[in-house]
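Each chain is listed here by its residues.
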Amino acid sequence: MRYTSKQVQISHSDERIFRVLSSFENFTPILADKVDGWEATEETCRFRAKGFTIGLKMVEREPNKHIKVSADDTGSLPLPFTFWTQMKDTTPDGSATPRTHMRIVLDIELNPMLKMMVGGKLQGAVDSIADQIAHAFNNAHL
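Numbering of residues begins from 1 in every chain and follows the order in which that chain's sequence is written. Residues qualify for local features only when their pLDDT is at least 70, as the model is predicted, and side-chain atom pairs are given and counted only at 80 or more; totals for whole chains, interfaces and linings, by contrast, use all residues. Processing note: side-chain calculations cover all non-hydrogen atoms of the structure and skip hydrogens and water entirely.

**Regarding the overall build of the chain**
1) Next: Looking only at helices and strands, the chain features three helices and eight strands.
2) Next: From first element to last, N terminus to C terminus, the chain shows the α and β order β-β-α-α-β-β-β-β-β-β-α.
3) Next: We take the radius of gyration over the C-alpha atoms and set the globule estimate at 2.2 Å times the residue count to the 0.38 power. Rg of the C-alpha trace for the chain: 16 Å, near the compact-globule value of 14 Å for 142 residues, within the 12% margin.
4) Next: In this scheme, a residue with accessible area under 20% of its type's maximum is buried, one over 50% is exposed, and one in between is partly exposed, where area comes from a 1.4 Å probe on protein chains only. Looking at the chain residue by residue over its 142 residues, the buried ones come to 33%.
5) Next: Whether two residues are in contact is decided by their heavy atoms: any pair within 4.5 Å suffices. Of the contacts made within the chain by residues no fewer than 6 positions apart, 48% connect residues no fewer than 24 positions apart. Per the convention used, a helix needs a DSSP run of H or I reaching at least four residues, while a strand needs a run of E reaching at least two, with both numbered from the N terminus.

What follows is the structure, given as structure tokens:
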């Protein structure tokens, strides 16, 4: 099943957004005190949330276009998933202020029962993640 976030606008270049989001180490100052057991390298991260150990790994990066992440074998999540961040430079010609549109896409394998139970929550989650990333960039937290 695929869930695609709403498109958000960020007042930074696609290059800067890519540079920040393409390494899990960059999330340490933000997440280390918000999740249990946060560990990160450039390529992987692990943490605990709601009784599960979540392990993620970078699987594909196209500079200034997209970053693809998937669950790795170290986690305890029973559902395979992949998500990626897509970004597109939308700076108007002649503008001194960069502008990038971004969205999050989540692919996850759900059986029909789980889809009915959590499908709406997953859509809300990808929208919320996109909003939070945009807010962090637009308010100079990243």
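**So, the environment of Asn26**
1) Next: Here Asn26 shows up in the loop between helix H1 (14-21) and helix H2 (28-31).
2) Next: Once residues lying within four places of it in the same chain are set aside, the contact partners of Asn26 are Arg19 and Val20.
3) Next: Polar contacts, as counted here, are pairs of nitrogen or oxygen atoms within 3.5 Å of one another; within protein the pair requires one atom able to donate a hydrogen and one able to accept it, and residues that are adjacent in sequence qualify only if both atoms are side-chain atoms. A polar side-chain atom of Asn26 sits 3.3 Å from the main-chain carbonyl oxygen of Arg19.

**Points about the nonpolar core**
1) Next: Judged by nonpolar contacts, the single largest core of 29 residues is most densely connected at Leu21, Leu56 and Met102.
2) Next: For this core, the secondary structure elements donating two or more residues are strand S2 (8-10), H1, strand S4 (44-49), strand S5 (52-62), strand S6 (66-71), strand S7 (81-89), strand S8 (100-108) and helix H3 (112-138).
3) Next: Among the elements that take part in this core, H3 stands out by supplying six residues, more than any other.
4) Next: Not counting the four nearest positions on each side in its chain, Leu56 is found in contact with Phe24, Glu43, Thr44, Cys45, Phe47, Val69, Ser70, Ala71, Asp72, Phe81 and Phe83. Only buried residues count toward a nonpolar core, which is a set of Ala, Val, Leu, Ile, Met, Phe, Trp, Tyr and Cys residues joined through side-chain atoms within 4.5 Å.

**Side note on unusual backbone geometry**
1) Next: At Asn64, a position not held by glycine, the phi torsion is positive, near 65°.
2) Next: Relative to the elements of secondary structure, Asn64 occurs in the loop between S5 and S6.

**Let's talk about the packing of aromatic side chains**
1) Next: Only Phe, Tyr and Trp rings take part, Trp by its six-membered ring, and two of them pair if their centres are within 6.5 Å. Stacked means planes under 30 degrees apart, edge-to-face means over 60, and tilted covers everything else. In total, this model carries two aromatic pairs according to the counting rule given.
2) Next: When the ring of Trp38 is compared with that of Phe47, the centres are 5.8 Å apart and the planes differ by 35°; the resulting orientation is tilted.
3) Next: Seen from their ring centres, Phe81 and Phe83 are 6.4 Å apart, and the 15° between their planes marks the pair as stacked.
4) Next: Assessed through its relative accessible area of 13%, Phe81 is described here as buried.
5) Next: For Phe83, a relative accessible area of 24% translates into the label partly exposed.
6) Next: When the NZ atom of lysine or the CZ atom of arginine is within 6 Å of a ring's centre and also within 35 degrees of its normal, the charge is said to sit over that ring. The lysine or arginine in question, Lys68, covers the ring of Trp84, its NZ or CZ lying 5.0 Å from the ring centre.

**Some details on the pairing of S4**
1) Next: One bridge is not enough; two strands pair if DSSP finds at least two bridges between them. For strand S3 (residues 36-40) and S4, the ladder comprises three bridges, and the chain directions are antiparallel. Bridge assignment links Ala40 to a residue of S4, and that residue is Cys45.
2) Next: Connecting S3 to the next strand, S4, in antiparallel fashion are three residues.
3) Next: Inspection of the sheet shows S4 paired to S5 by six bridges, in the antiparallel sense. Directly across from Arg46, in S5, lies its bridge partner Gly55.
4) Next: The loop that links S4 with its antiparallel partner S5 comprises two residues; one of these, Lys50, has a positive phi angle of about 50°.

Remember, this is a structural readout, not a statement about activity or role.
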